[in-house]
Every structure is written in C-alpha cells, then in structure tokens.
Amino acid sequence: MATNLKQLTSNEDLLCGGHRACAGCTGSNILRQIMLTAGSDTVVGGATGCMEVVTTIFPYTAWKTSFIHSAFENCAATVSGVETAFRSLKKHGELPVEREKINFIAFGGDGGTYDIGLQSLSGAMERGHNMLYVCYDNNAYMNTGIQRSSATPVGAHTSTAPAGSHSTGKTQLRKDLTKILVAHNIPYVAQTTPYHWKDLAAKVEKALAVDGPAFLNILMPCTVGWHFDPAIGIDLAREAVECGYWPLFEVENGKYIINKKPKEMTPIADWMQKQGRFKHLFKPGNEHVLEFTQNWVKEEWEKLLRLEASTA
Amino acid sequence: MSGKMTEIRWHARGGQGAKTAAMFLAEAVLEKGKFGQGFPEYGPERRGAPMRGYTRIADAPIRRHCMIEHPGIVIVLDPTLMDSAAAGVTAGTGEGTVFIVNTTEKPATVASKLGVKGAVVHTVDATGIALDTIGRPIPNMPMIGALLAVNDMMTVAELKSALVDQLSSKFSQVIIDGNLNAVDRASKELVSA
Amino acid sequence: MAQKLVALSGNEAVAYAFKQARPHVAAAFPITPQTEMMHKYAEFVANGESTTEMILVESEHSAMSAAVGSAAAGARTFTATSSAGFALMWEVVYIAASLRLPICMALVNRALSGNINIHCDHSDSMGGRDAGWIQLFAENAQEAYDNAIMSWRIAEHMDVRLPTMVNYDGFIISHTADSLHMLSDEDAYKFIGKYKADYALLDVENPITVGPLDLTDYYFEHKASQLAAYPRALEVIKQVSDEYGDLTGRYYDHCEEYLMDDAEMVMVMLGSSAGTAKDVIDEYREKGVKVGLLKIRTFRPFPVAYLAERLAGRKAVCVLDRSASFGGQGGPVFMEVRSAMYGLQVPVHGYIYGLGGRDFDLGQVATVIEDLQKVAAGGEMNTINLLGIRS
C-alpha cells in the first residue's frame, strides 16, 4: 500500500509544475494526487475542460505520462478505445513496450461527465473496460464561464442561472451521479475530496486494482466559480464533508461503506457563507433556500446511512 | 450489355425465404461461368409483409444497378399476393413473361386471375412439397427447382450441388436432404399450361 | 495471383477486406444499411477467423471516439457506419483526420434525415467531404472490396497518415449479391502489410500528449501541414492502386474512363449508378453517339488536374450528383468538377438524382445523353436539373 505520506511524496510527480491552472485551483491538486498513486505506467485521457486546457497548451504539456484529449463529451469512449487497443496489442504480442498492466484513467469535469459526456461514460462503464473514470466536480461549467450544470446545487449563483431580484440562483436539485454509476453494477464507485489525501490515494489504488471499470467522483472547490479566497480551497473540501454536502463513501461490488461519519454535522450554512456563489442567500427573504438545503443534506445523509445498512 | 440477361422478380411474404432464394440463385450460377446479381426489395423486413426480390443472370458481368422493371420471369411464392394490386405481381409484365406460381391451382385458372395477355403460366405446389420434404412451409428452394424446369441457366444437378455448398455449414443432413428432395420434386411436378 | 470468384453482398465483401487486414480493434454501432457488414465481422470473431477486439459502443459518436483512442494507442483500427450515424460522429470525424490517425471506415451511403429514409444517396459522405478524410467511391462489390483492401495501404502510408473512408451505395451495393474476385487472406495481408504506429500512447516509456489545446500561435501551422498531405495522398493512391493492379489485374486510377478516347460528350458521376449508365452508353454508342463516362473514384483528395486534363476539348460535359448542397449550386460533385474545369471553355451542366434511393433507371441515363447531345449541338440546359422526379 502506498498510502503513507512519506512514500507518496517520494513518488515521481507525473503532472509537473508550470501548468496554467488558476491560483488556488484544487483540480491540479486532485490530478497530482491521483498520478502519485497511479505511477508512470498510466495513460490518461482528459475531456475538454479546465484541467485539459491548463495542462496541455501546445507546445507544452504538463503530463509526464501519455495523455489524450479528443473532445468534450467522449473522454470515456476515447479511453475505452485506448484500453481495448492495449488488450488487443497485448494479445497479439505487438505492444510497443512489454507491460502486463497499464492503468487507464479518464477524467472530466461535471460538464463533461454529468451532462454532455454521460452517455459516453455510461456506455464505457457498461462495457466493462478496465479503466478508472474520475470526475472532478466543481459544481458548474467553470471552463466556459461558470454556467450552471446538473451538478450545481440549489441556490448557487451561476452565469446562466444568476441570482437577482427575481431569482435565488439555481432552483433544481443536483443530480446524484455517483449513485447513477453505482447502478451500472461496476466493481468500484467512490466519492472523495483533495483534502482527504489518504482517502483519495486509497480509493485510486482500489479503483486501479479492480478488474473492470471504476468511478471516482471528487469534489473540486473552485476559487473562481465558487468565489472564495484562493487560500481556502482545500479547507472547503474538508468542510464539505463535515457538513454532509459531500459524504466520503465507496461502493464495492454494490456494498456501501461510508468512510467518514462526522460525530455532529456542521451547519451547511457555515460552509455556504464562505462562498460568494451563495452570498445572496444570506440576504433577508432567502432564508427558505438555506433551510431547504439543510434539510436536503440531512435527508441525503440519512438515505446514505440506510444504503450502507441495507447493503452491509 | 453484351449477351443474354435473364431478369427475375420474386413475390413473397417476409419469412418465405424469397430474399435468400433471390441471392442464392445469383451465387449458384457462378459455377456455370455465368454472372449473377441478387437483391431484395430494399427496406425494413417484416414477417408476413409482401416483399419482392430480384435476380439477374447473365453471360457477361452485370453492370446495371437499377430495379428490374420488365422481368422476363416472375416467381410468386404466395398466391394470395395475386389478389393484391399493391403487391404488383403483374407490373411491367406482358407478352411472353413467364410466371411460376406456388399454388395447387391449374395454370389456366392462375392465368385468368393474372390477366396478362400472352403470359406463360406454370404452377407448382411448392408449399406442399416443402411440407413433405423439409417439414416446414418454406417454398423458396422448391421454387428454384421449378424455375429450372423451364429455364436452362443451370441444371437441377448443378443447383443441388450449389445447395449442398450453401447449406452444409449451417444445417443438418436431414434439412439438406429435404431441400435436395424438394428441388427435385418441384422440377418434376411443375404443371404447365 | 490466384483469386477466388465468390458471390457476396457489398457488406460481406468489405467485411472480408477489413478482416484480411487483421485489424486490432473495431468500434461500431449498428445502423441500416451498414448492419450486415458488422454482423459478418462479428461472425468472423465469433468463429475465430478474426482476432480483432470489437468495441460494441452505445453510439456512433462513441464509435469514432473509441476508434480515435485505439488508433492513437497504436492499434490498426476500423469502424463502419451510414447516414445519421456518420452525422452523429461528425465532430470526431474531423478530429481523427487532424490527429492524422489512419483509421479506415466503411461508409455505406444512405440519405440523411429528415424525413427519415434508409435508402441510398450520398448526402452522408458529401457532408463530410471537408473533414480531412480520404474518400473513395465504388461502383459495385468488387470495387468496394478492392478499395477496402487498398484503404489500409493509403491511410497508413507515411506520406499520408490520414483516415480513409470506403464509400459504397447503401442497399444497391451493400445488400446486393454480386460476383467478385477475392484475394486469399495471406495474399491480402501480404499486400496490406503489418502496421506499426510511429507514436503510440501505449509506449509508456516514451509518453506523448495527443490533442492539446492549440491556439492562434500554432493551430494554423498544424493545418498547413495537414493540407500538404492531400497532394501527396493523390500520388500515394495512384501508386498503391498500380501495385494492386499488378497483383490482381484490376487497375484503378482516380477515375475510371469509360469510352472516353473519342467522347465528345461526357457524363461525370460516382457510385453504383455508373454501371447503369455504362449499359445505356453502349446502346447510344451503337447508334454512333460519341458519349463517354468519367467515374470518380477518388473524391477526396479531389483530382483536379486529372479531371481538367480529361475534360478539356469535349463538346459537352454533365455532372450527376446523388446529393444536394442546399442553397449552393447543385451538388458537391458538380461544384468540384466545374471548378476543376475553370478556363476550359467546355459547357457543363448538372443533375441531382436518386435522392433517398430513388431508382436511377435506364431511362434517366437516356435523358441525360439526349440532353448532352442538345448541348453539344449548341443548345442550352439549365445549370442544375432534377432527374427522375414526378412532374
């Protein structure tokens, strides 16, 4: 197991510095952590989005492993092709370099995963490719200018569902993508955050070890889209878990395990108040949205507890 | 187009094997050094729905890809199609068109039903033969046997040899023998006017 | 070279040709009339006749995406589609060419919706004519097979490295049993050769980045380098075709010239209808009418100089399109041919025919020849004419 800090930090950094992510971006942190665990026998695919754009501006690349980007909605399908090519070339004895195993990791933001790329992802997972799909969920289409997505929570201000005199931001509930992936009956599905580095590394390790597809949904606090001080992104990831907004859990072959159960949930309003995207909710008259969100988090948490109990 | 070309139109219902027959015949004549082209009426295939197939047989390579508008031979696998104007059994036919109809009726009766002046009508109980020999009411192969009784594109023996090649990889000896028997019988039991 | 005479549908013939290349990966989604091609291929795999890994994707968009991933990984890869399936692939079709991935694709030509229609026309492939793929067209199953064999050599040639599309008419070729000569598996593979990618994602000791963000400072240079490949591709297509001719006795060029030597009047077209036209041309030739046919095989890259040379000095030329460029002048073939004829002072008019599978019959060819005679005699035609529609 590589999940001790000393060993992790001694691994080669495969996403190197000099990329063009925003100051305070937690996305590059996520990718770096994944790659520290995955190692160099890895091929990475990226959907169009922040992390693809900032890591590969021609003639530069931040990737020390092979990397492919083709389009926005097709990352899972593209990597499924790479993975199949590996199996076929291996079977025919024609690999460019001999390897028993290569890790295949596809990643996309919530736009490329929850929305435009959902079909491609669903297809690749159902087909059973030996690949890990990572969604870095920053709750909106950040790369194109903070438009709402199906991962945007109720009440968040975005450029396409802005708060205003007649609006409290997004009115629809976010989609529970992680459970949609569980419904694909794949061997491993989990949620984590970049704050929980040990949890993240352990989950990447498990995901890459299973025979078949795996999915990780990783919360990515976005300084630009959530409007917070670039220094506190990682803290917001921790607090998202403590208030119940982003439970840490994993589903191994259908069995739910909650990895962290806070003794007492912090009020979600405390977490929201640190983010400009929810600023309008703290004005008089919008208390009902905060109340709704608190209840929603509580219900979702209880649902998760029941799932854990019922699949134990 | 140099040399002789025979154009055949098949009328059947989906499931009677007309598509298979139309394409198989095109393949079977290869052994004779002839050229064949076979195609179904293009479109969604539905069991029981009227459909057409087409076969061209020629001494030289067949270049044209248009529909057959004036068939020299019309093969009817389901006689009820003669009652349907939409099925178009007589479309583009006339003096000298050869009809081979799967029915227990007499050629004269069928001829008057068709009403094509100068047409040459033959009948054969291909469904009965198929039931006897293959055990299923699939009249396609017996109809090819019947065709060879009135056309010299190849002999019945040659057809049977092609049929063995075609069927041997997919079917049991019982089915193959049934088909060979069906072809033989139909070629002999064809009734001409 | 010993070849086997067989009767196969176009779909089966192309399935054999692709199998003979021993591709590592195939990714496809079913759509009429492409379906039987993939059924046949799946049979090969199920029977152990092919060791290709098939990716049975959930859409054509994913088919092309998986093909891109597979080819970039270093595997010999093909896909197949028709009509709406090709339209759904669109975005990734361009990406495959831009990444210079030598994917081969069977495009079984079918009309685009709407209204929905499953029959043949060329609007699918013509819509993709500027995507950067090599496009070959066939008159019958034999040519579809031959093009499919050659497509690997062309696509993978170091001077080309572009995806190649083998077009053949939906139903008219794909579903018609036709006789053709096939190479043995060994001879075909010997001709096609083993594929090795120069750069592969799977070469984890020499990692590469594929498909980066490419902005104002470099994108144009990359496109310029892509543009430079097409004249080279024309030469490679000819070389490969000559070599194939030496092997099989079937020689191909960018076009087939039918009774062109003394032709005063020329029909230009592509696809299965050329065969139908030849039969009628023969009849008119017997009457002393000097009409010939130029059948385009290589539509992309478009053989401009080739056509200009062959069409110079004729009395009348017409171009038949099995697709329309809505709001443009006629169809894509007409626009290309007329542009290639610039300065020749030869009158040229166009027809749109056969949309949605409308039968292209002998009478329509006769009409075209009568029209050509009128123009050759100094008469005039509308620039674009519709053929075979109800009045």
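The structure we're discussing is the one just above.
These numbers were taken from a predicted model, which means no experiment stands behind them.

Visitor: Explain the pattern of salt bridges here, please?
Guide: In a structure, side chains of opposite charge can pair up when their charged atoms sit close to one another. Residues and elements named next belong to chain A. In this structure the tally under the stated criterion is 56 salt bridges over all chains. Between R99 and D41 there is a salt bridge; the shortest N-O distance is 2.7 Å. One end of the pair, R99, is in the loop between α4 (75-91) and β3 (103-109); the other, D41, is in the loop between α2 (27-38) and β1 (42-46), and 58 residues separate them in sequence. D41 gets classed as partly exposed once you look at its relative accessible area, which sits at 25%.

Visitor: Sorry, what's going on with the side chain of T55 of chain A here?
Guide: Residues and elements named next belong to chain A. You can see T55 is positioned in helix α3 (residues 50-55). Separated by 2.7 Å, the side chain of T55 and the backbone oxygen of M51 make a polar contact. Leave out the neighbours within four places in its chain, and T55 touches L15, H19, Y60, T61, A62 and W63.

Visitor: How do you make sense of the arrangement of the chains when you look at a structure like this?
Guide: Comparison of the two pairs of chains in contact shows the highest number of contacts for chains A and C. With respect to C-alpha atoms, chain A approaches chain B no nearer than 27 Å, and the pair has no contact.

Visitor: Can you walk me through the interface of chain C and chain A in this structure?
Guide: Where interface size is given, it is often the accessible area lost as the parts come together that is meant. Chain C puts 42 residues into the contact, and the matching count from chain A is 48 residues. Carbon and sulfur atoms supply 62% of the area that chain C and chain A bury against each other, a total of about 3400 Å² over both sides. If you sort the residues of chain C by the area they bury against chain A, L202, V204 and L213 of chain C come out on top, with a joint share of 20%. Counting every contact that joins chain C to chain A gives five salt bridges. Taken together, the connections running from chain C to chain A amount to 20 residue pairs in polar contact (both at pLDDT 80 or more).

Visitor: What's the story with the side chain of N138 of chain A in this structure? I'm lost.
Guide: All names here are of chain A. By secondary structure assignment, the location of N138 is in the loop between β4 (132-137) and β5 (163-164). With relative accessibility at 3%, the residue N138 sits in the buried group. In this structure, N138 is in contact with D110, M220, C222 and W226, ignoring residues within four places of it in sequence.

Visitor: Looking at this structure, I do not really get the environment of Y60 of chain A. What am I missing?
Guide: Residues and elements named next belong to chain A. Here Y60 is to be found in the loop between α3 and β2 (66-68). A residue is classified by how much of its surface remains accessible, and Y60, at 54% relative accessible area, is exposed. For the pair Y60 and C222, spaced 162 residues apart in sequence, the C-alpha separation works out to 24 Å. In contact with Y60, not counting residues within four places along its chain, are R20 and T55.

Visitor: Just checking my understanding: could you explain the interface of chain B and chain C for this structure?
Guide: At the interface, 21 residues of chain B touch 27 residues of chain C. Buried surface at the junction of chain B and chain C, summed over both partners, amounts to about 2000 Å²; 55% is from carbon and sulfur atoms. Remark: the boundary between chain B and chain C carries four salt bridges. Put simply, D282 of chain C and R63 of chain B hold a salt bridge, and the shortest N to O gap is 2.6 Å. Summed over the shared surface of chain B and chain C, the number is nine residue pairs in polar contact (both at pLDDT 80 or more). At the level of elements, α1 (18-28) and β2 (35-40) of chain B are the ones that each hand at least two residues to the side of chain B that touches chain C. For the side of chain B that touches chain C, the element with the most residues is β2 of chain B, which contributes six residues. For the side of chain B that touches chain C, a count of residues per class yields 11 nonpolar, five polar and five charged. With two bridges connecting them, β2 of chain B and strand β8 (residues 177-183) of chain C associate as antiparallel partners. Pairing of Q37 of chain B across the sheet is with D178 of chain C, part of β8 of chain C.

Conventions used here
- For every chain, the first residue of the written sequence is number 1, and numbering continues from 1 along that sequence.
- A letter from A marks each chain and a number from 1 marks each ligand, given out in the order of writing.
- Thresholds applied to this predicted model are a pLDDT of at least 70 for local features of residues and 80 or more for the giving and counting of side-chain atom pairs; totals over whole chains, interfaces and linings are not thresholded and use all residues.
- Computation of side-chain values: all heavy atoms of the structure, hydrogens and water removed.
- Should a side-chain nitrogen of Lys or Arg be within 4 Å of a carboxyl oxygen of Asp or Glu, the pair is scored as a salt bridge.
- Secondary structure counts use DSSP, requiring at least four H or I residues in a row for a helix and at least two E residues in a row for a strand, with both numbered from the N terminus.
- Whether a residue is buried, partly exposed or exposed follows from its accessible area with a 1.4 Å probe, protein chains only, as a fraction of its type maximum: under 20%, in between, or over 50%, in that order.
- Side-chain atoms alone can form a polar contact between residues adjacent in sequence; in general such a contact is a pair of N or O atoms within 3.5 Å, and within protein one must be able to donate a hydrogen while the other accepts it.
- Only heavy atoms enter the contact rule, under which two residues are in contact if any of them lie within 4.5 Å.
- In short, buried area is how much 1.4 Å probe accessible area vanishes from two parts on joining, totalled over both.
- Polar here means any residue outside two lists: the nonpolar Ala, Val, Leu, Ile, Met, Phe, Trp, Tyr, Cys and Pro, and the charged Asp, Glu, Lys and Arg; Gly therefore counts as polar.
- Should DSSP find at least two bridges between two strands, the strands are regarded as paired.

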